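Take a look at the letters that make up each chain.
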Amino acid sequence: MAKRHVLSAILIASTAVITSAAAEEFPSRPITWVVPFAPGGITDTTSRIVAEEMSRTLGQSVVIDNRAGGGGAVGTEQVARAKPDGYTMIYGTQGTMAANVTLRKMSYDPLTSFLPVHLVGESPNLFVAYHKAPYNSVPEFIAYARQNPGKVTFSSSGVGTATHLVAELFKTVAGVEMQHVPYRGSAPALNDMIAGRVDVMFDYPVSVGPHVEAGKLKVLATTAPERLRAFPDVPTMAELGMKEMTTQSWSSIMVPAGTPAPVVDRLAAAAHAALTSERVRTHFEKVGTRPMTLQKAEMIPFIEKEIVRWRDVIERAGLEKQ
């Protein structure tokens, strides 16, 4: 028995040494960062600039892999099943890591299937409308929607995404009916908005800004706590008497559960260096995004709180589980 215990101790110690050595060598090849949405939206543009800066610190490329579908659930589920070695990360969002817990039947759990690495950023939404729409303010839109119950449509980047749930929250707060038209990402949703096939949408400044400047969309309000520097004439929802509509969407980096702690530490350090770099901070400021500082275990209470918040929104909206 004593000999068996000694052998077990040697085996455990050897495994620890191998794991530690592997972590020290990490990364020895490119890392895949899965973004579970279509190219062209804020998730895509944000991840690419952060990935470039992380690559500088890690000495290996961080490659973006867009895997859209299911409001982000498809790509997220694939990463949950990936080998926990640090070479596959997921771009987690308010939708995939909080709202989907209530809204979808998932094969993953945000807090047990993944290990948190670092929060990335938070960004408000702009409430935009088709440029030829017969309303130019939120009060005018509410009046129009009430005069045309069920006829007004809103687009989103997918069921359960932040752009969807913010609109559902608005329906409840404003007391209006709107029909949801989901897409597989922000870019295709905006394309139909610009073409006039959909009436309104909540989306991020980086996505809608160029279209507003080109006169293809008009902004009615922002969900930011304060007016945005890039849109100083656009009122906040709170200014319009809807404080509940003050909300910002967030993003994160997470890896499959079981990833060695030293590897997670290495990725967290690289993410932190990227998010505090002048290049990323300048880019984020231009697009109305604020870098976030929470990392690893510090993120857990934040995610738990978000799960509760969006569960309440989903239940109030009467949304059925997908």
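The structure reproduced in this document is the subject of the present report. Numbering of residues begins from 1 in every chain and follows the order in which that chain's sequence is written. Two thresholds apply to this predicted model, a pLDDT of at least 70 for residue-level local features and 80 or more for giving and counting side-chain atom pairs, whereas whole-chain, interface and lining totals are computed over all residues. Calculation of side-chain values draws on the structure's entire complement of heavy atoms; hydrogens and water are dropped beforehand.

Moving on to the packing of helix α7 (residues 186-194) against helix α8 (residues 205-213). Running from N to C, α7 and α8 cross one another at 25°; their axes reach a closest spacing of 11 Å. With respect to α8, the element α7 is oriented roughly parallel. Read as a crossing pair, α7 and α8 show a hand that is right-handed. Between α7 and α8, the contacting residues are Ser186, Leu190 and Ile194 on the first element and Ser207, Val208 and His211 on the second. Angles here are taken between N-to-C directions and fall from 0 to 180 degrees, while the axes themselves are lines fitted to C-alpha atoms, restricted in helices to the stretch in contact. For helices the rule is a DSSP run of H or I covering at least 4 residues; for strands it is a run of E covering at least 2, with both sets numbered from the N terminus onward. Should an angle fall under 35 degrees it is taken as roughly parallel, and over 145 as roughly antiparallel, whereas 65 to 115 is taken as roughly perpendicular and any remaining angle as oblique. It is the rotation of the near helix from the far one that decides the hand of a crossing: anticlockwise by less than a right angle makes it left-handed, clockwise makes it right-handed. In this description, contact between two residues means that some pair of their heavy atoms is separated by no more than 4.5 Å.

The term salt bridge refers to a pairing of a side-chain nitrogen on Lys or Arg with a carboxyl oxygen on Asp or Glu at a separation within 4 Å. Tallied over the full model, the rule gives 13 salt bridges. Across the pair lysine 171 and glutamate 168 runs a salt bridge whose closest N-O atoms are separated by 3.3 Å. Highlighted residues: lysine 171 and glutamate 168, both in helix α6 (residues 162-174), separated by three residues, approximately one helical turn.

Okay, the sheet that holds strand β7 (residues 179-182) next. Strand-to-strand pairing in sheets goes through backbone hydrogen bonds, with the strands running parallel or antiparallel. For two strands to be treated as a pair, DSSP must find at least two bridges joining them. With respect to topology, five strands assemble into an open sheet ordered β7-β6-β8-β5-β9, the strand pairing being mixed. Two strands bound the open sheet, and with one partner strand each, they are β7 and β9 (217-222). For this sheet, the mean angle separating the axes of adjacent strands, direction not counted, is 30°. Of the strand pairs in this sheet, strand β6 (residues 153-156) and β7 are connected by four bridges, and their pairing is parallel. Residue pairing in the sheet places serine 156 in a bridge with proline 182 of β7. Running at roughly 150° to β6, α6 makes contact with β5 (126-130), β6, β7 and β8 (200-203) of the sheet. Packed onto the sheet, α8 meets β5, β8 and β9 and runs at close to 135° relative to β9.

These figures come from the coordinates and say nothing about function on their own.
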